[in-house]
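# Observations on the three-dimensional arrangement
Here is how the chains run, residue by residue.
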Amino acid sequence: MTKIVSVEDMAKDRRDVVIVGAGIVGLATAQKLQQAGRGVALIDRKGIGLEASKGNAGAFAFSDVLPMAVSGKIWKVPKWLMDPLGPLTIQPAYLLPAVPYLMRFWREGWPDRVKASTAAQAAMMRLARKETETLVADYGLEAMVHKDGSLELYESEHEFQASLHGWAAREKEGIAFEHVRGSRMAELQPGLSPRFVAGTFVPGWQTVADPHDFSVALADAIVERGGEVVAGEVVVLTPDADGVTVTLAGGITLEANSVVVSAGAWSRALTDPLGDRLPLDTERGYNTTLPGDAFDLKRMLIFGGHGFVISSLSSGLRIGGAVEFGGLKLPANYKRCEAMVKKAKAFLPDLRTEGGTQWMGYRPSLPDTLPAIGFSRASRRIIYAFGHGHLGLTQAAGTGRLVTELMHGQAPSIDITAFSPQRF
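Scoring rules and cut-offs
- Residues numbered from 1 in each chain as written.
- Predicted model: local features only at pLDDT ≥ 70, side-chain atom pairs only at ≥ 80, totals over all residues.
- Heavy atoms only, no water.
- Helix = DSSP H or I, 4+ residues; strand = E, 2+ residues; numbered from the N terminus.
- Rg over C-alpha atoms; globule rule 2.2 N^0.38 Å.
- Buried < 20%, exposed > 50% of the residue type's maximum accessible area, 1.4 Å probe, protein only.
- Areas by Shrake-Rupley, 256 points an atom, 1.4 Å probe, with all protein chains shown as cover.
- Lys, Arg positive; Asp, Glu negative; His and termini not counted.
- Charge placed at Lys NZ, Arg CZ, Asp CG, Glu CD.
- Phe/Tyr/Trp six-rings, centres within 6.5 Å; stacked < 30°, edge-to-face > 60°.
- Lys NZ or Arg CZ within 6 Å of the ring centre and 35° of its normal.
- Salt bridge = Lys/Arg side-chain N within 4 Å of Asp/Glu carboxyl O.
- Pairing = 2+ DSSP bridges.
- Axes fitted to C-alpha atoms, helices over the stretch in contact; angles between N-to-C directions.
- Parallel < 35°, antiparallel > 145°, perpendicular 65-115°, else oblique.
- Contact = heavy atoms within 4.5 Å.
- Nonpolar A, V, L, I, M, F, W, Y, C, P; charged D, E, K, R; others polar.
- Expected span 1.5 Å × (residues − 1).
- Bend = angle between axes of the 7 residues up to and from the residue.

### Some details on the overall build of the protein chain
- Broken down by element type, the protein chain carries 12 helices and 21 strands.
- In terms of C-alpha radius of gyration, the protein chain reaches 21 Å, essentially the compact-globule figure of 22 Å for 424 residues.
- Structurally, the protein chain occupies a C-alpha span of about 65 × 45 × 40 Å along its principal axes.
- Across the 424 residues in the protein chain, those meeting the buried criterion constitute 58%.
- Only carbon and sulfur atoms are counted for the fraction: they give 55% of the accessible area of the protein chain, which is about 17,600 Å².
- The average position of the 45 basic charges and that of the 45 acidic charges among the side chains of the protein chain differ by 4 Å.

### Some points on the packing of aromatic side chains
- Counting across every chain of the model gives 14 aromatic pairs.
- A centroid spacing of 5.1 Å and a plane angle of 55 degrees characterise the contact between Tyr101 and Phe325, whose relative ring orientation is tilted. Of this pair, Tyr101 sits in helix 5 (residues 95–107) while Phe325 sits in strand 18 (residues 316–325), placing them 224 residues apart in sequence. Here Tyr101 matches Phe325 in class, with each residue buried.
- The structure contains a cluster of three or more aromatic residues connected by ring pairs, namely Phe196, Phe303, Phe308 and Phe347.
- Across the ring face of Trp266, the terminal group of Arg45 is positioned such that the distance to the ring centre comes to 4.4 Å.
- The ring of Trp167 is capped by Arg170, whose NZ or CZ atom sits 4.1 Å from the centre of that ring.

### Details of the pattern of salt bridges
- Within the structure shown, the criterion is met by 21 salt bridges.
- The shortest N-O distance in the salt bridge between Glu155 and Arg195 comes to 2.9 Å. Taken together, the residues Glu155 in the loop between strand 7 (150–154) and helix 7 (157–172) and Arg195 in the loop between helix 8 (182–188) and strand 9 (198–202) connect sequence positions 40 residues apart.

### Considerations on the sheet that holds strand 6 (residues 145–146)
- Spatially, three strands are ordered 4-10-6 in an open sheet, and the strand pairing comes out antiparallel. In this open sheet, the two edge strands, each paired with only one partner strand, are strand 4 (59–60) and strand 6.
- In the sheet, strand 4 pairs with strand 10 (residues 206–208) via two bridges, with the strands oriented antiparallel. Counted as the bridge partner of Ala59 is Thr207 from strand 10.

### Points about the packing of helix 6 (residues 111–138) against helix 12 (residues 392–407)
- Across the interface, helix 6 lies against helix 12 with an axial gap of 7 Å and an inter-helix angle of 90 degrees. As far as their axial angle goes, helix 12 and helix 6 are roughly perpendicular. Of helix 12, the residues touching helix 6 (which contributes Gln121, Met124, Met125, Leu127, Ala128, Glu131, Thr132 and Leu135) are Thr394, Gln395, Ala397, Gly398, Thr399, Arg401 and Leu402.
- Its residues placed into classes, the contact of helix 6 with helix 12 shows seven nonpolar, six polar and two charged.

### Details of unusual backbone geometry
- Within the chain, Ala322 stands out as a residue other than glycine whose phi angle is a positive 60 degrees.
- A positive phi angle, near 70 degrees, is found at Thr369, a position not held by glycine.

### Some words on the side chain of His306
- By the element assignment, His306 lies in the loop between strand 16 (300–303) and strand 17 (308–313).
- His306 gets classed as buried once you look at its relative accessible area, which sits at 18%.
- With sequence-adjacent residues up to four places away left out, His306 is seen in contact with Pro87, Glu155, Lys343 and Phe347.

### Remarks on the environment of Leu274
- Here Leu274 shows up in the loop between helix 10 (268–271) and strand 15 (281–290).
- With residues near it in sequence (within four places) discarded, Leu274 still touches Leu237, Pro239, Ser376, Arg377, Ala378, Ile382 and Tyr384.

### Topic: the side chain of Asp210
- As for its placement among the helices and strands, Asp210 is situated in the loop between strand 10 and helix 9 (211–224).
- One buried charged residue, Asp210, forms no salt bridge at all, with the nearest opposite charge on Arg318 at 4.4 Å.
- Non-local contacts of Asp210, meaning those with residues more than four positions away in its chain, are made with Met144, Leu313, Ser314, Ser315 and Arg318.

### Examining the pairing of strand 7
- Most of strand 7 is tucked away, with five of its five residues classed as buried.
- On strand 7, burial covers both faces: Ser150, Glu152 and Tyr154 on one face and Leu151 and Leu153 on the other are all buried.
- As judged from the five bridges shared by strand 7 and strand 9, these two strands associate in the antiparallel manner. Counterpart to Leu153 in the pairing with strand 9 is Gly199.
- In this structure, strand 7 lies alongside strand 16, joined through three bridges in parallel fashion. By the bridge assignment for strand 16, Ser150 is matched with Met300.

### Some thoughts on helix 5
- Compared with an ideal rise of 1.5 Å per residue, which puts 13 residues at 18 Å, helix 5 spans 18 Å between its outermost C-alpha atoms and is within 8% of the ideal.
- Maximum bend of helix 5: about 30 degrees, positioned at Tyr101.
- Listing the buried residues of helix 5 in full gives Ala98, Tyr101 and Phe105.

In structure tokens:
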């Protein structure tokens, strides 16, 4: 296990790069910075990958190049909101705080925005795939990556036809897929309910054995190469001409040459005082992890019309997804977990639903489905890397490459204008 040191035990020496947040994005950024010869110290209030990185579905979703607010989905939002246990809901106490985000989300569904954000996302995915392969090979994590593909399923001909525009956009980006029916669909996943009339198989889809185990393995490798993982909560960043003073809860301060803010849904508490008021919110996601023998799952199944997936992990069979706006403080509604398991049983009649463990996590999301990657307006010694929504694991290594290039004054591997923290 990775040794996590307390702030009190740290030497008083100045740090080279402090990364706020030890989730998968912070860890992948640390790996890329180490490759470039930088010293790294990750500071996290909970530990390694214990927030969104712990309970996600474990997918490298490199084919997900379309923004969440594509026109086909935006018109489903009112219907979804009518179902408190459906794919998208807002806790009543959070309705007013969610309105500005939802208005921006609606605007991002206009054709001009969809075209621009799709192009930016596709470029990011190409970079992310390349950098993920490098990261996995560099740290010897190949055994933790599965290349079984994914199968998205449709309950009606109308639902399938409505998906074709999105697949055509993916095809333009060189993404391989196969529309399947009948015996071919049953071959890809035996035991499906006959309610599904068609599916789309994406052979290039990849998953990790377990997202938390993957994060811990990455942290172990970073520490073995001289990095630090520190237990603490960063509350204030104060830049000056020579670096950044990092203040933690309790008043302890550290000095760093540079800082990367990668604190996921908690990043706004640090970036707002620096003058960057991003519309960051949290799409709360739920899942239930069943025992591994609950069903013979061949690959990740995606139920787009219901907003959840089923994936096979070393820790069990994970049924999760959906979106709930409720901020960081309202209590979880685990009836959402129960609703997804009930649907999964209808979709996979042989699924055994006993013995599950429920979880809720906070996806750090921006309304255009693109992360914030770039310099703080307060100082070029502070770089932001958060807001990846459903794609943190997928885009972590690509983000790490871009942060490393920015920190060294190099031209980014892709055009990052669309990811600017100041774009809002």
